[in-house]
Amino acid sequence: MTTLGVRPRRTRPLLGSHAFLLVLTVALLAPVVWAILSSFKPAGEIIRDPLGFDPATLTLANFRGMFQDVPIGSGFINTGLVLVAKGAITMFCAPLAAYAFAKYRFAGRNLIFGAVLLTLMLPTIVLVIPLLLEMKELGWVNTYQALILPGSVDAFAIFWMRQVIAAVPDELLDAARVDGCGEFGIFWRVVVPAIRPGLAGLGVLTIMNIYNDFVWPVVAASSSRMATLQVVLSTLAQNISGNRVGADYATVTGELLAAASVALVPLLILFIVLQKHFINGILAGSVKG
Amino acid sequence: MTTRSASPAAKVYREPAVEPRSRAPRRRRHTLPWRRLLAPYVFVLPFVLVFLAFSVYPLFFTLRLSFTDWHGSGAAHWIGFDNYRYLLTSNGFWASLGNSGVLWLLIVPAQLVLAVLVAVLLNAIKRLRGFYRVAFVVPFVTPLVAVAQIWIVLFDQDNGAVNAMLGAVGLPPVGWLVTSGWAKPTLALLFLWKTTGFVVLIVLSGLQQIDRGLYEAAALDGAGRTRQLWSITVPLLRRSLMFSLVLQTLAVFQMFAEPYVVTKGGPYTSTTTAGLYLYNHITRADLGTGAANSFLLVIVVMAVSLLFVRLLRAED
């Protein structure tokens, strides 16, 4: 790989590199590890001795309290339903649109792609008022449609997939045409199999975005029956600022960490299982140098 | 990347072409079947419908609303540019933009430097590479609200783990989230912690497309590692860096959930970001002003991103 003249120079900086990366890694993992470990400590202990960890006193009390205080179960169900529906729409429609932008020349292409870029730049918060009023007109406040449809064909996903599909050689598409494949057939049977790593990356990214979405659900799902997991969690966080009468600080802190752990563990597991696809997908989708 | 190199058809293209590739589609156009002409429109239709219903319509609605004094119920009165005049002369609006600007300064330059450094190191080493990559993406997959909650507990002035650590080495506690001077850096740290891994991956993908031979040639010419970084890596990473720059700039100016959950915009208004300031109009049912604020924010965000896109084009 490298020439002999270069190699000796590299050995010493490598130690420094590892030291630097290890320090960063510890800093990155520490908050998550700390939160998960602390959520099993008695609430009083988290406050009295935030750095200590005594395996003998571990308890599930924080989790029990959290399940009693907020409807985290229905939060999971709502998030799950939105995830499946919105995720399916995004995963199908975004690559399809991206395919049109990457491989067809058609009148209005630049205009419509401009719309994609505009959507990308619009802060979600800007559309919150009119969207909410639109939902009221449609009678969709506190419904699943309201949580699923706005933003269901994600602009970022289109932008991202266009990069991936552009790398599929045109000759492959033409060959399929010669074989008598229809336009949609080309997408489905040639493009989709060819971009599998990119699609896997998009899949994980989409799941994450929907699972973590907060701004729109907090407005559109104001009733606790419809609240998604993130909204349920934020309600708990509001309690810590003292809004809840009679709740003591230690208890709320314990429940907060329990809730954070419950929310982050599913995605963490998903990511660790799919990390190879995810990282390769992002590497495939990023801007070509 | 992998798709390109793995595809067998890449070879087919190498065979002598009869005419330049760019001209081929034009000559074939009038022989194209209607299905092929229509297909792209069908493919982008779902996006266009969602865009019209949930972006264009609301935007026009916002524009109209921004010229009224509507409070969510009752009649709306046309008040012309009063909302805009009010915002442009109010301290709150400029303070919120200023807060977002300071957060940008605290976050984006540091993040880009850090991401390039980490990506270059990750690219150079072989051992533990996978482990580091996973570690760098963990914060990115952690739900923001959960991170915000962890931050509240970690950075608590009296009982937080961070101050406990400071105490262990003999330093006095810091009011991370309750003093105006520290609240912004603490939020910036949250944002950096959460998103730097993603930027690292973008930079890493840019790095992997740089021809290794360039470094070998430079090394033979006697260029040291620092020199190689400045003369080869950074210039060739320009597109990845610009992409990250625009993406992160948009994200910082749209920052909402972090201050909403962690600081509620305080202490005083030190962490009231542009996004949160706008949200406050909604909670006060001050919808006309909120709509005007939306438009001003859109203009600012677009101006900033177009500026960066221009910079990218100018250097190409």
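Scroll up for the structure.
Source: prediction; values computed, not measured.

J.: So what's going on with the overall build of chain A? Which residues, and what values?
T.: Within chain A one finds 14 helices and zero strands. Moving toward the C terminus, one meets the helices and strands of chain A in the order α-α-α-α-α-α-α-α-α-α-α-α-α-α. Taking 2.2 N^0.38 as the reference for a compact globule, 289 residues should give roughly 19 Å; the C-alpha atoms of chain A span a radius of gyration of 24 Å, well beyond that estimate. Projected onto its principal axes, the C-alpha coordinates of chain A cover approximately 70 × 70 × 30 Å. Looking at chain A residue by residue over its 289 residues, the buried ones come to 54%. Taking all contacts inside chain A whose residues are at least 6 apart in sequence as the whole, residues at least 24 apart take part in 75%. Treating the 20 positive side-chain charges of chain A as one cloud and the 15 negative ones as another, the clouds have centres 10 Å apart.

J.: A description of the packing of aromatic side chains should follow, citing residues and the corresponding values.
T.: Using the criterion set out here, one finds 35 aromatic pairs over all chains in the structure. Taking 6.3 Å as the distance between ring centres and 45° as the angle between the ring planes, the aromatic pair formed by Tyr57 of chain B and Phe61 of chain B counts as tilted. Highlighted residues: Tyr57 of chain B and Phe61 of chain B, both in helix 4 (residues 34-65), separated by four residues, approximately one helical turn. You can call Phe61 of chain B buried: its relative accessible area is 16%. Counting every residue linked through ring pairs, the aromatic cluster contains Phe92, Tyr99, Tyr104, Phe184, Phe187 and Trp188 of chain A together with Phe43 of chain B. In this arrangement the basic side chain of Arg64 of chain B is found over the ring face of Phe61 of chain B, its NZ or CZ atom lying 5.6 Å from the centre. Here the guanidinium or amino end of Lys264 of chain B rests over the ring plane of Tyr260 of chain B, the centre of that ring lying 4.2 Å away.

J.: Can you explain the interface of chain B and chain A? Please cite residues and give values.
T.: With 108 residues of chain B in contact, the opposing surface of chain A contributes 114 residues. At the boundary of chain B with chain A, total buried surface from both sides reaches about 9,900 Å², with 76% on carbon and sulfur atoms. The three residues of chain B that bury the most area against chain A are Phe43, Phe47 and Phe54 of chain B, which together make up 8% of that side's buried surface. Where chain B touches chain A, the interface holds zero salt bridges. Remark: the boundary between chain B and chain A carries five residue pairs in polar contact (both at pLDDT 80 or more).

J.: Describe the pattern of salt bridges, with residues and values.
T.: Residues and elements named next belong to chain A. One pass over the full model with this rule turns up five salt bridges over all chains. When the shortest N-O distance is used, the salt bridge between Arg177 and Asp174 registers 3.2 Å. With Arg177 and Asp174 both in helix 9 (residues 170-178) and three residues apart, this pair spans about one turn of that helix. You can call Arg177 buried: its relative accessible area is 18%. Taking the relative accessible area as the measure of exposure, Asp174 reaches 26% and is therefore partly exposed. Put simply, Asp174, Arg177 and Glu183 are held in one network by salt bridges that share partners.

J.: Explain helix 8 (residues 144-154) of chain B to me, and be specific about the residues and the numbers.
T.: Counted residue by residue, helix 8 of chain B has eleven buried out of eleven residues, so it is predominantly covered. When helix 8 of chain B is considered as a whole, its buried residues turn out to be Leu144, Val145, Ala146, Val147, Ala148, Gln149, Ile150, Trp151, Ile152, Val153 and Leu154 of chain B.

J.: Kindly report on a nonpolar patch on the surface, identifying the contributing residues and their values.
T.: A cluster of nonpolar side chains, contributed by Val33, Leu37, Phe53 and Leu58 of chain A, occupies part of the molecular surface with about 320 Å² of accessible area. The residue Leu58 of chain A is located in the loop between helix 2 (43-48) and helix 3 (61-69) in this model.

J.: So, helix 6 (residues 91-124) of chain B: which residues are in play, and what are the values?
T.: The end-to-end C-alpha distance of helix 6 of chain B, which contains 34 residues, comes to 49 Å, matching closely the 50 Å that a straight helix rising 1.5 Å per residue would cover. Maximum bend of helix 6 of chain B: about 30°, positioned at Trp104 of chain B.

J.: Can you break down empty space enclosed by the protein residue by residue, with the values?
T.: Taken as a whole, this structure holds three cavities of 30 Å³ or more when the rule is applied. Lining the largest cavity are 48 residues, with Thr124, Asp154, Asn209 and Asp213 of chain A together with Gln254 of chain B positioned closest to its centre. The residue makeup of the lining of the largest cavity, split by class, is 32 nonpolar, eleven polar and five charged. Together, Thr79, Val82, Lys86, Leu147, Ile210, Tyr211, Asp213, Trp216, Pro217, Thr228 and Gln230 of chain A line the second largest cavity.

J.: Outline the side chain of Asn83 of chain B, listing residues and values.
T.: All names here are of chain B. Structurally, Asn83 can be placed in helix 5 (residues 82-88). One polar contact links Asn83 to Thr289, side chain to side chain, over a distance of 3.5 Å. Setting aside anything within four residues of it in sequence, one finds Asn83 in contact with Leu65, Ser66, Phe67, Thr68, Gly288, Thr289 and Ala292.

J.: Please provide a residue-by-residue account of unusual backbone geometry, values included.
T.: Note on backbone geometry: most residues besides glycine have negative phi, and most peptide bonds are trans. A positive phi is found at Asn142 of chain A, a non-glycine position, where the angle reads about 60°. By the secondary structure assignment, Asn142 of chain A is in the loop between helix 6 (124-138) and helix 7 (144-148). A positive phi angle, close to 65°, is found at Leu128 of chain B, a residue other than glycine. Mapping Leu128 of chain B onto the fold places it in the loop between helix 6 and helix 7 (129-141).

J.: So, the packing of helix 10 (residues 180-207) of chain B against helix 13 (residues 238-253) of chain B: which residues are in play, and what are the values?
T.: All names here are of chain B. For the pair helix 10 and helix 13, interaxial distance at closest approach is 9 Å and the crossing angle is 155°. On the basis of the axis angle, helix 10 is roughly antiparallel to helix 13. Here helix 10 runs over helix 13; the crossing is right-handed. On the side of helix 10, the interface is formed by Phe191, Thr195, Phe198, Val199, Ile202, Val203 and Gly206, while helix 13 contributes Ser240, Leu241, Phe243, Ser244, Leu247, Gln248, Ala251 and Val252. Counted by class, the contact of helix 10 with helix 13 contains ten nonpolar, five polar and no charged residues.

Each value, and the rule that gives it
- Residues numbered from 1 in each chain as written.
- Chains lettered and ligands numbered in written order.
- Predicted model: local features only at pLDDT ≥ 70, side-chain atom pairs only at ≥ 80, totals over all residues.
- Heavy atoms only, no water.
- Helix = DSSP H or I, 4+ residues; strand = E, 2+ residues; numbered from the N terminus.
- Rg over C-alpha atoms; globule rule 2.2 N^0.38 Å.
- Buried < 20%, exposed > 50% of the residue type's maximum accessible area, 1.4 Å probe, protein only.
- Contact = heavy atoms within 4.5 Å.
- Lys, Arg positive; Asp, Glu negative; His and termini not counted.
- Charge placed at Lys NZ, Arg CZ, Asp CG, Glu CD.
- Phe/Tyr/Trp six-rings, centres within 6.5 Å; stacked < 30°, edge-to-face > 60°.
- Lys NZ or Arg CZ within 6 Å of the ring centre and 35° of its normal.
- Buried area = accessible area lost by both parts, 1.4 Å probe.
- Salt bridge = Lys/Arg side-chain N within 4 Å of Asp/Glu carboxyl O.
- Polar contact = N/O pair within 3.5 Å; in protein donor to acceptor, adjacent residues only side chain to side chain.
- Patch = residues over 30% accessible without salt bridge, like charges linked within 9 Å, V, L, I, M, F, W, Y side chains within 5 Å.
- Areas by Shrake-Rupley, 256 points an atom, 1.4 Å probe, with all protein chains shown as cover.
- Expected span 1.5 Å × (residues − 1).
- Bend = angle between axes of the 7 residues up to and from the residue.
- 1 Å grid on protein atoms, 1.4 Å probe; cavity = no way out; pocket = protein on both sides within 12 Å on 5 of 7 lines; lining within 4 Å.
- Points joined across faces, edges and corners; volume = space filled by probe spheres on them.
- Nonpolar A, V, L, I, M, F, W, Y, C, P; charged D, E, K, R; others polar.
- Axes fitted to C-alpha atoms, helices over the stretch in contact; angles between N-to-C directions.
- Parallel < 35°, antiparallel > 145°, perpendicular 65-115°, else oblique.
- Left-handed = near helix turned anticlockwise from the far one by under 90°.

What is shown is where atoms sit, not what they do.
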